[in-house]
Amino acid sequence: MNTVTPEVMPDARQLPSIKASRIAGLALFGVLGCAAVIGPDLVGHDPATQSLLDARQGPSAEHLLGTDHLGRDMAARLLSGARLSMGLALLSILSAGVPGALLGVLAARSGGWTDRLLTAFADAVLALPGLLLVLMLAAISPGSWWALYVGISLTLWVEYFRYTRQRARVVFAAPQVEASRMLGLGPWLILRRHLIPEIGPGLLTIAAFGAATAVTAVAALGFVSVGIRPPQAEWGVMMTELLPY
């Protein structure tokens, strides 16, 4: 006999702290997003403008975070790097999440050879280290952001596919879905009323981790001089340039 493990519900006393942590996380993300979008324009300095006479200055009213070894404004470069990294991360998770989730639903709904072929392709991509795939594409077009974008997207879509396929198979076999089909409800209505509420929170969690992975990957590749190249303001490039100081 199959046993069903009940879901572990949070204690009522823990709910206020959980809500507070979520609000704090959303607020922090909002601040970072606003800083990345409008911050470089508010600073008033070009992140690429050099002034050797102002090199390595401390924080001041003109330069909020000081200047680097070439006299470039550190606040402008930090915020420009945030815009690049977060924009690339958002673009990567969207282009990986949408096709990954759709292919997962297709595999779960179709079954048969469609499911086997898509699963085999996902396993083949998963067997290849993600960083190696990004490095291969970056070697084709050194210093190009699109190579990083394509490599990160090809690495991230597998997680969306595997999660969506697993959850969608359970949802499609559920009694309420069978009842909806007997009542004549169309596939789009079934997806909207049954599948999306089931897989939505999990996909958002995967997207959050995927965005962090993308930002870290871009910075790591820039640090080893494989990703974005100078004079582009990028966090990994900035660490490499300022390492001697």
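All values derive from a computational prediction rather than experimental measurement.

Scoring rules and cut-offs
- Residues numbered from 1 in each chain as written.
- Predicted model: local features only at pLDDT ≥ 70, side-chain atom pairs only at ≥ 80, totals over all residues.
- Heavy atoms only, no water.
- 1 Å grid on protein atoms, 1.4 Å probe; cavity = no way out; pocket = protein on both sides within 12 Å on 5 of 7 lines; lining within 4 Å.
- Points joined across faces, edges and corners; volume = space filled by probe spheres on them.
- Helix = DSSP H or I, 4+ residues; strand = E, 2+ residues; numbered from the N terminus.
- Nonpolar A, V, L, I, M, F, W, Y, C, P; charged D, E, K, R; others polar.
- Phe/Tyr/Trp six-rings, centres within 6.5 Å; stacked < 30°, edge-to-face > 60°.
- Buried < 20%, exposed > 50% of the residue type's maximum accessible area, 1.4 Å probe, protein only.
- Lys NZ or Arg CZ within 6 Å of the ring centre and 35° of its normal.

> Sorry, what's going on with the layout of surface pockets here?
To find the voids left in a structure, one rolls a probe of water-molecule size over its atoms. Roughly 970 Å³ of volume is contained in the largest pocket. Lining the largest pocket are 28 residues, with Gly25, Leu26, Phe29, Ala208 and Ala211 sitting closest to its centre. Secondary structure elements with two or more residues in the lining of the largest pocket: α1 (15–43), α2 (74–110) and α7 (187–223). The leading source of residues in the lining of the largest pocket is α1, at 10 residues. Across the lining of the largest pocket, the residue classes tally to 22 nonpolar, four polar and two charged. The volume enclosed by the second largest pocket comes to roughly 240 Å³. Lining the second largest pocket are Ala101, Leu102, Val105, Trp188, Leu191, Leu195, Ile196, Ile199, Gly200 and Leu203. Those elements that provide at least two residues to the lining of the second largest pocket are α2 and α7. A total of seven residues in the lining of the second largest pocket trace back to one element, the largest contributor, which is α7. Split by residue class, the lining of the second largest pocket holds nine nonpolar, one polar and no charged.

> What is the right way to look at the packing of aromatic side chains in this model?
The way to describe two aromatic rings as a pair is by their centre distance and the angle between their planes. Throughout the structure, instances matching the rule amount to two aromatic pairs. Here Phe121 and Trp157 contribute two aromatic rings whose centre-to-centre distance is 5.6 Å and whose plane-to-plane angle is 25°, an arrangement assigned as stacked. Of this pair, Phe121 sits in helix α3 (residues 112–127) while Trp157 sits in helix α5 (residues 145–172), and the two are 36 residues apart along the sequence. Ring centres 5.8 Å apart and planes at 55° place the aromatic pair Trp157 and Phe161 in the tilted group. In this pair, Trp157 and Phe161 both sit in helix α5, four residues apart, roughly one turn of the helix. Summarising the burial analysis for this pair, Trp157 and Phe161 share the class buried. Ring-pair connections join several aromatic residues into one group, and the members of that group are Phe121, Trp157 and Phe161. For the cation-ring pair, Arg109 lies above Phe172, with the distance from its terminal atom to the ring centre recorded as 5.8 Å.

Geometry only, nothing functional implied.
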